[in-house]
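A look at the structure
What follows is the residue order along each chain.
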Amino acid sequence: MFLELKNIKKNFDAVQALDGVDLKVGQGEIHGLLGENGAGKTTLMNILAGSFPPKSGDIIIDGKIIEKMTPKKAMDMKIRFIHQELNLCNDLKVYQNMFLGEELYTKVHFIDDKKEITRAQKVLDSMNSHIVATDKVESLVTAEKQLVEIAKSLLFNSELIIMDEPTSALNNCEIEELFEIMRDLQKSGVSFIYISHKMPEIFGICNKYTVLRDGKFIESGNIKDIDEHIATKLLIGHSLSALDEKFVKESHQSDEVFLSVKGITGDGFNDVTFDLHKGEVLIVTGLQGSGCSELSMSLFGAGNITEGSISVKGKDIKNNSIKVAMESGIGLIPKNRKERGILPDLSIKDNMSLAYYTVKHHKLFVDEKEEDERFFRQQIKMNIKVASQENVITSLSGGNQQKVIFGKWFELDSDVMIMDNPTQGIDVGAKFSIYEIIGNLAKSGKALLVFTNEYPEIHRIADNIIVLYKGRIKGRLNRSEMSEISIMEYSTGTRGEK
Amino acid sequence: MEIKKTWSNIITNHSHWVSFVLLLIVATIVNPSFLSWSNLTNLFTQGAIIGFCSMGMSLVISAGMIDLSTGAVVALLSGLSVNVLNSTHSILLCLLFCIVGGIVVGLINGVLVTKGKIAPFIVTLAAMSAWRSVINQLGQGGPFSVDKTMYTSFRNIAAGDVFGIPNLMIYLIVVSIITSVIMNKTKFGTYIYAVGSNENAARLSGINVDKIKNLIFAYAGLMYGFAAFLLASRLTSIQAASAGTGYEMNAIAAVAIGGTAMEGGRGKIIGTFLGILILRIITTVLIMANVPPFLNGLVQGIIIIIAVLAQTKRKK
């Protein structure tokens, strides 16, 4: 298949999402589509897959202009779009999901389960996965679900597969397996459009690239002609390197222990012990399933702890619950902002006031004036860009939403801040302002426990690092000892305490 | 274009106001006497008892839940309250019974939802069936009728007026204002929207979600208690099998027409208040226009769909 998108324009109300974008993908090509969040990558792919029409511009496939693309038409032309969010029905079995909407029938028009299972299993096996076609999707882990999505697109001999951040839930081994599969398909003439933020992946698998910025076409070419630094520059428009080797991080760590965790065991983690000091940024990292997210929730009183003890500033926490944790001075920026962080229907200032209400506000009535003051205070502190604090929080960009959630805890003045993937789903520029906020917090004498897997982020903010592997602490590193490789070796269990 | 946009925004954001005004105009055209004082106050007196139920329902739906037990609870409490009145000859005790009874019945729903972890739809469906059965058994098919000795003074609570303003109208306005203040000005109100908007995030902000849900059902029960008290006073004779039937549906309709999102998180009490009046206006207009009463439900159904369509448009 030879695909050409020509001068595509699209606007949502007043926002110009795409402004004359071109994209050419040849047969057997893996084409990296690069751009920050909001650059228009997903919008462009949605237009190609027929989810909504462009305002103007042409979709040309094998030399023919396609009028009025629809999802059905796109599928018939063997174009598959694997969305960033998983689109699987948890209650159905793997093969049922794979054939959803395109079921195979027997002669009397019943569903031919046998045939479906055989064909689904063949594809799954060819991917070297251990997934059984008759398993319920519910019983799979996230990475396996991702593989099912990919298997689904392989099922129908697709000629163009669009992958929007397919690796966000995969570990390195799984990513390599995915790439193997992609290379095999590439040899048989299948084309890919590959959307990712992760440079090593783009450079590991793609042979062509196109960069979008703010809805505009920036550049296109062969991957071998550029390197990661050039690509990053194209992406953000100006140089902003997280992995700047000359970067020196100030340390604000003192000897005073703010959070002391002794031998705690719970669902997903085992015998975890560490001290977190005033002014320290302690990173907890580990791969999917290492127990990181369970640990973060349990420290905040939202999960089980069966053994061990936690104390904040020398005071033991007993009967840990969310309320108790909050009252002892622990705050949590949860991962997955959409599901756990924001209250989408509530105003920006309500979102910011909520934690304060539950712990410190003992009056029955709310105080609108105080709410406004709280908001303005944090707005100045973190440079939050909003039209009005009365608007719903979903009117903000991801980065600004996250700042509002930060503000919620600043207003409570929590001494210990737990952050679970605090820069998840926000774009590069906003990430840096979050790092700055984290630095300022440490400087002002807070203690920070940050759960993250992104090395550039760790490099930016860490004083010390704990690596979890299968729920246990495998490695402890300080700033001078850390490197991406050493952390990965601890995370994968190749190195470290027994 | 800017102006056009603002207008369409206003219309979708205040669909309940728009439909309210439109209906008023239609009603006046159909019959100019619609705007008479007695007719206007009638809207309130006939809407008041459902109105109390709708206030409770507003809280429940704003938190993303539902309550189907409304009608049965009203029947249970109003029937029993007549017995209390007849045996104690005290209106105060009768009122007290309705208040305490309402809260207790509401809390039973709440505890089953929070501690039993059963979906509100199922809990209140079971409660609807159970309480109706209890009151039917207690009434044995006959009515609960207020004794002659208490008749006039008790009936006056609902039927009376102050300087020509019917009592029921006053009650409805007062309870709407109180509920509106609770939703807009108190922590409890903010928590209700928070739970309806994103239960996970609410919990991680330190909100005791179970407690909030229990309080919501208790408040709804309290509202049903008041409704039961007023129903008993208004009718002075309660038929166990038919009293309060369909109240839950009318209350849900008023809340939906008023712009409260069924999935929770969004909604205003003023909307519910207008929703109650809109339902009454429809009924009145149809009577005035000599439309067969059987078609009332059809028109109501269409209005509900239009109201919710306006909401979904807003969401996009």
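Here's what I pulled together on the structure shown here.

Definitions and limits used
Residues numbered from 1 in each chain as written. Chains lettered and ligands numbered in written order. Predicted model: local features only at pLDDT ≥ 70, side-chain atom pairs only at ≥ 80, totals over all residues. Heavy atoms only, no water. Helix = DSSP H or I, 4+ residues; strand = E, 2+ residues; numbered from the N terminus. Rg over C-alpha atoms; globule rule 2.2 N^0.38 Å. Buried < 20%, exposed > 50% of the residue type's maximum accessible area, 1.4 Å probe, protein only. Contact = heavy atoms within 4.5 Å. Areas by Shrake-Rupley, 256 points an atom, 1.4 Å probe, with all protein chains shown as cover. Salt bridge = Lys/Arg side-chain N within 4 Å of Asp/Glu carboxyl O. Expected span 1.5 Å × (residues − 1). Pairing = 2+ DSSP bridges. Axes fitted to C-alpha atoms, helices over the stretch in contact; angles between N-to-C directions. Polar contact = N/O pair within 3.5 Å; in protein donor to acceptor, adjacent residues only side chain to side chain. Parallel < 35°, antiparallel > 145°, perpendicular 65-115°, else oblique. Patch = residues over 30% accessible without salt bridge, like charges linked within 9 Å, V, L, I, M, F, W, Y side chains within 5 Å. Left-handed = near helix turned anticlockwise from the far one by under 90°. Nonpolar A, V, L, I, M, F, W, Y, C, P; charged D, E, K, R; others polar. Core = buried A, V, L, I, M, F, W, Y, C linked by side-chain atoms within 4.5 Å.

What follows covers the overall build of chain B. The secondary structure content of chain B amounts to 14 helices and four strands. A globule of 316 residues ought to have a C-alpha radius of gyration of about 20 Å, and chain B, at 20 Å, matches this closely. Every one of the 316 residues in chain B was classed for burial, and the buried ones make up 53%. Of the contacts formed within chain B by residues at least 6 apart in sequence, a portion of 78% connects residues at least 24 apart. Per element, the accessible surface of chain B, about 13,800 Å² overall, is 70% carbon and sulfur.

Considering all chains together, one arrives at 20 salt bridges over all chains under this definition. Residues D210 of chain B and K115 of chain B are paired through a salt bridge, measuring 3.8 Å at the closest nitrogen-oxygen approach. Placement of the pair is D210 of chain B in helix α11 (residues 209-235) and K115 of chain B in the loop between α5 (91-114) and α6 (120-139), with a sequence separation of 95 residues. Classification of K115 of chain B by relative accessible area gives exposed; the value is 60%. Here the salt bridges do not stand alone but share partners, grouping K313, D413, D415 and K446 of chain A into one network.

Let us now look at helix α8 (residues 167-185) of chain B. In a regular helix each residue adds 1.5 Å, so 19 residues correspond to 27 Å; α8 of chain B covers 26 Å between its end C-alpha atoms and thus fits that length. Where α8 of chain B is concerned, the buried positions are N167, L168, M169, L172, V175, S176, T179, I182 and M183 of chain B.

All names here are of chain A. The mixed open sheet is built from six strands, whose spatial order is β16-β17-β18-β13-β19-β20. A strand with exactly one partner marks an edge of an open sheet, and here the two such strands are β16 (330-333) and β20 (472-478). Here the strands of the sheet are splayed against their neighbours by 20° on average, with no regard to which way each runs. For strand β19 (residues 464-469) and β20, the ladder comprises six bridges, and the chain directions are antiparallel. Along β20, the bridge assignment pairs I466 with R476. Sitting on the sheet, helix α15 (residues 428-443) is in contact with β13 (281-285), β17 (416-420) and β18 (447-451), with an inclination near 145° to β18.

For the rest of this paragraph, the subject is the interface of chain B and chain A. Listed by partner, the interface residues are 23 residues for chain B and 32 residues for chain A. Linking chain B with chain A are one salt bridge. Ionic pairing is found between R266 of chain B and D345 of chain A, a salt bridge with its closest N-O pair at 2.9 Å. In this structure, the connection of chain B to chain A is made through 13 residue pairs in polar contact (both at pLDDT 80 or more). Contributing elements (two or more residues each) for the side of chain B that touches chain A: α8, α9 (187-197) and α10 (199-203) of chain B.

Another aspect to go through is the pairing of strand β3 (residues 30-34) of chain A. Residue and element names in this part refer to chain A. Taking burial as the measure, the five residues of β3 include five buried ones, the bulk of the element. Where burial is concerned, the two faces of β3 agree: the one with I30, G32 and L34 and the one with H31 and L33 are both buried. With four bridges connecting them, β3 and strand β8 (residues 191-195) associate as parallel partners. Bridge pairing in β8 places I30 opposite F192. In terms of strand pairing, β3 meets strand β9 (residues 208-213) through four bridges, oriented parallel. Residue pairing across strands places L33 opposite T210, the latter belonging to β9.

What follows concerns unusual backbone geometry. Of note in the backbone geometry, D62 of chain A takes a positive phi value of approximately 50° without being a glycine. Tracing the backbone through its elements, the reader meets D62 of chain A in the loop between β4 (56-61) and β5 (64-65). The phi dihedral of N290 of chain B falls on the positive side, at around 60°, and the residue is not glycine. Tracing the backbone shows N290 of chain B in the loop between α13 (269-288) and α14 (296-315).

So, about the packing of helix α12 (residues 348-359) of chain A against helix α13 (residues 368-382) of chain A. Residues and elements named next belong to chain A. It is the contact of α12 with α13, at a shortest axis distance of 9 Å, that shows an interaxial angle of 100°. Taken together, the axis directions place α12 and α13 in an arrangement best described as roughly perpendicular. Where α12 abuts α13, its residues I348, K349, D350, M352, S353, Y356 and Y357 lie against E368, E370, E371, D372, R374, F375 and Q378.

A separate point is the sheet that holds β9 of chain A. Residues and elements named next belong to chain A. Reading across from one edge, β6-β7-β8-β3-β9-β10 is the order of the six strands in this open sheet, with mixed pairing throughout. Among the strands making up the open sheet, the edge pair consists of β6 (79-82) and β10 (216-222). Ignoring which end each strand starts from, the neighbouring axes of this sheet average 15° apart. The strands touched by helix α5 (residues 142-155) are β6 and β7 (160-164); relative to β6, the strand with the most contacts, the crossing angle is about 175°.

Attention now moves to a nonpolar patch on the surface. Residues and elements named next belong to chain B. Taken together, the side chains of L93, L96, V100, V104, I108, L112, I118, F121, I122 and L125 define a hydrophobic patch exposed on the protein surface, amounting to about 820 Å² of accessible area. Put simply, the parts of the chain that give the nonpolar patch at least two residues each are α5 and α6. Ranked by residue count, the leading element in the nonpolar patch is α5, at six residues. With respect to the helices and strands, L125 occurs in helix α6.

A few words now on the packing of helix α4 (residues 70-88) of chain B against α6 of chain B. Any two packed helices are characterised by how steeply their axes cross, that is the angle between the axes, and by the distance between the axes. All names here are of chain B. Across the interface, α4 lies against α6 with an axial gap of 8 Å and an inter-helix angle of 25°. Between α4 and α6, the interaxial angle falls into the category roughly parallel. Crossing handedness for the pair α4 and α6: left-handed. Contacts from G71, A72, V73, A75, L76, G79 and L80 of α4 reach α6 at A127, M128, W131, R132, V134, I135 and L138. Per-class residue counts for the contact of α4 with α6 are eleven nonpolar, two polar and one charged.

On to the nonpolar core. Residues I207 and I216 of chain B are the most contacted members of the largest nonpolar core, which totals 97 residues. Sequence-distant contacts of I207 of chain B, defined by excluding residues within four places in its chain, comprise L354 and T358 of chain A together with Y191, A194, V195, A202 and I212 of chain B. Grouped together as the second largest cluster of nonpolar side chains are 74 residues, I283, I342, F410 and I434 of chain A included.

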